[in-house]
Amino acid sequence: MIGIVCLEERRGMQFGGRRVSRDRVVTEKICELCEGKTLWMNPASEKLFAEQKESGKVTLQAAADFLEQAGEGEYCFVENTGLQAVEAKIEKSIVFWWNRHYPSDRKFDLDLSKWNKVSEEEFAGYSHEKITKEVYESIELGNFENFRDYVPKLREIALAHHLDDVPMSHVLEQGDL
């Protein structure tokens, strides 16, 4: 699953049960990211994407248990629940920072220092002068990507030493690097 969140500078997501902010440019960018994929969310978030849903730009799935239902490679827009309980399921996290202080009582609960930031982009929103989009991959995924490049060499070494019958695939599949 690929988590998408919008945060104010102190990691706030909501205040009093309402999103801290919104911006139509961010909504459009989220829909562009999800093109051809399913965008899961809580039913309370669905109205934020009503215009894009009507135009067919995005396939929305709203469910109270959306984080459990979302599969590999599917996007989840999260604004009213924590992600810590499903952190092991998250392949990537996409964070849109409002770059402003807003009051909040629901905070983003993942520690991004345990993730690899793979990209950062600043852009002007409709109602925000500057919005920052950051993309994070899990460190485990990053380690696998680094390790994956060595698999052909490991196979050559195994063949040269007549050890080609030693299974290596389970190590990669399980993530036990």
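Residues numbered from 1 in each chain as written. Predicted model: local features only at pLDDT ≥ 70, side-chain atom pairs only at ≥ 80, totals over all residues. Heavy atoms only, no water.

Draft legend 1. Structural view of the packing of aromatic side chains. Scanning all chains against the criterion turns up two aromatic pairs. Geometrically, the ring pair formed by F49 and F77 is edge-to-face, given 5.2 Å between the ring centres and 80 degrees between the ring planes. Linking F49 in the loop between β4 (38-41) and α2 (50-55) with F77 in strand β6 (residues 75-77), this pair joins segments that are 28 residues apart in sequence. Against the face of Y126 rests R24, its NZ or CZ located 3.6 Å from the ring centre. (Phe/Tyr/Trp six-rings, centres within 6.5 Å; stacked < 30°, edge-to-face > 60°. Helix = DSSP H or I, 4+ residues; strand = E, 2+ residues; numbered from the N terminus. Lys NZ or Arg CZ within 6 Å of the ring centre and 35° of its normal.)

Draft legend 2. Quick look at unusual backbone geometry. For R11, which is not glycine, the phi dihedral falls at a positive 70 degrees. Given a relative accessible area of 25%, R11 falls into the partly exposed group. A positive phi angle, close to 60 degrees, is found at N99, a residue other than glycine. In this structure, N99 sits in the loop between β7 (92-97) and β8 (106-107). (Buried < 20%, exposed > 50% of the residue type's maximum accessible area, 1.4 Å probe, protein only.)

Coordinates in, geometry out; function isn't part of it.
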